[in-house]
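# Reading the structure
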Amino acid sequence: MINLITGGAGFIGSYLAEYLLDQGQEVIVLDDLSTGSFDNIAHLVGRKGFTYYGRETQQAGAGRVELIPHVVHQFMADGPIAVYGSGD
Ligand SMILES: NC(=O)c1ccc[n+]([C@@H]2O[C@H](COP(=O)([O-])OP(=O)(O)OC[C@H]3O[C@@H](n4cnc5c(N)ncnc54)[C@H](O)[C@@H]3O)[C@@H](O)[C@H]2O)c1
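Scope of this entry: the structure provided in the associated data block. Just so you know, these numbers come straight off a predicted model, no measurement behind them.

## So, the overall build of the chain
- When you go through the chain residue by residue, the secondary structure sums to two helices and four strands.
- Taking all 88 residues of the chain together, the buried fraction comes to 32%.
- Summed over its atoms, the accessible surface of the chain is roughly 5500 Å², and 51% of this surface lies on carbon and sulfur atoms.

Laid out in structure tokens, this is it:
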């Protein structure tokens, strides 16, 4: 299962990220660190199945990153996010 966690470097999202990795699932964290902290996810970097996209990705953005999650967990308090499944 591939999980996208917006706000995954925040208080709640980071705990969920760790839990899902412990379950053997893949986790993609999208977080601009506006209120969260990289410290919350530093221990997850390098773990199998973990990917982090920060502010640079969002600004550089490409506006669009090829993310094809099965589940989206939204914990960022603001900001729109568009998620396109394969084939959309
Ligand atoms: N912590 C609680 O007890 C609690 C209780 C009820 C509801 N909530 C709600 O749950 C959500 C998460 O709470 P939390 O305590 O984990 O907050 P948090 O501030 O620790 O986490 C939110 C994360 O979202 C990120 N973020 C914000 N805007 C973003 C954007 N545009 N793009 C990318 N990342 C962005 C922040 O950097 C932060 O890491 C919030 O909406 C909060 O209001 C929290």
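## Some details on the sheet that holds strand E2 (residues 26-30)
- Read from one edge of the open sheet, four strands run E3-E2-E1-E4, paired in parallel fashion. The sheet is open, and its two edges are formed by strand E3 (50-53) and strand E4 (71-74), each paired on a single side. The sheet shows a mean angle of 15 degrees between the axes of neighbouring strands, taken without regard to direction.
- In terms of strand pairing, E2 meets E3 through four bridges, oriented parallel. Opposite Leu-30, over in E3, you have Tyr-53 as the bridge partner.
- Contacts between helix H1 (residues 11-22) and the sheet are confined to strand E1 (2-6), E2, E3 and E4, with E1 contributing the most and set at about 170 degrees to the helix.

## What about the packing of aromatic side chains?
- For the structure on display, the rule yields two aromatic pairs.
- With centroids separated by 5.7 Å and ring planes inclined at 80 degrees, the aromatic side chains of Phe-11 and Tyr-15 adopt a geometry described as edge-to-face. Placement of the pair is Phe-11 and Tyr-15 together in helix H1, with a separation of four residues, close to one helical turn. For the pair shown, Phe-11 and Tyr-15 are each scored as exposed.
- An angle of 65 degrees between the planes, with centres 5.7 Å apart, marks the rings of Phe-38 and Tyr-52 as edge-to-face.

## Let's talk about the site of the ligand
- Among the 16 residues in the neighbourhood of the ligand, the closest are listed as Phe-11, Ile-12, Asp-31, Thr-35 and Asp-78.
- Starting from 820 Å² of accessible surface for the ligand in isolation, the protein chains cover 62%.
- Because more than half of its atoms lie within 2 Å of the grid, the ligand is assigned to the second largest pocket.
- For the shell around the ligand, the per-class residue count stands at seven nonpolar, six polar and three charged.

## Remarks on unusual backbone geometry
- Although it is not a glycine, Leu-33 sits at a positive phi angle of roughly 60 degrees.
- Within the fold, Leu-33 resides in the loop between E2 and E3.
- On the basis of relative accessible area, Leu-33 is assigned to the partly exposed category, the value being 29%.

Parameters at a glance
- Residues numbered from 1 in each chain as written.
- Predicted model: local features only at pLDDT ≥ 70, side-chain atom pairs only at ≥ 80, totals over all residues.
- Heavy atoms only, no water.
- Helix = DSSP H or I, 4+ residues; strand = E, 2+ residues; numbered from the N terminus.
- Buried < 20%, exposed > 50% of the residue type's maximum accessible area, 1.4 Å probe, protein only.
- Areas by Shrake-Rupley, 256 points an atom, 1.4 Å probe, with all protein chains shown as cover.
- Pairing = 2+ DSSP bridges.
- Axes fitted to C-alpha atoms, helices over the stretch in contact; angles between N-to-C directions.
- Contact = heavy atoms within 4.5 Å.
- Phe/Tyr/Trp six-rings, centres within 6.5 Å; stacked < 30°, edge-to-face > 60°.
- Near = heavy atom within 4 Å.
- 1 Å grid on protein atoms, 1.4 Å probe; cavity = no way out; pocket = protein on both sides within 12 Å on 5 of 7 lines; lining within 4 Å.
- Sits in = over half its atoms within 2 Å of the grid points.
- Nonpolar A, V, L, I, M, F, W, Y, C, P; charged D, E, K, R; others polar.

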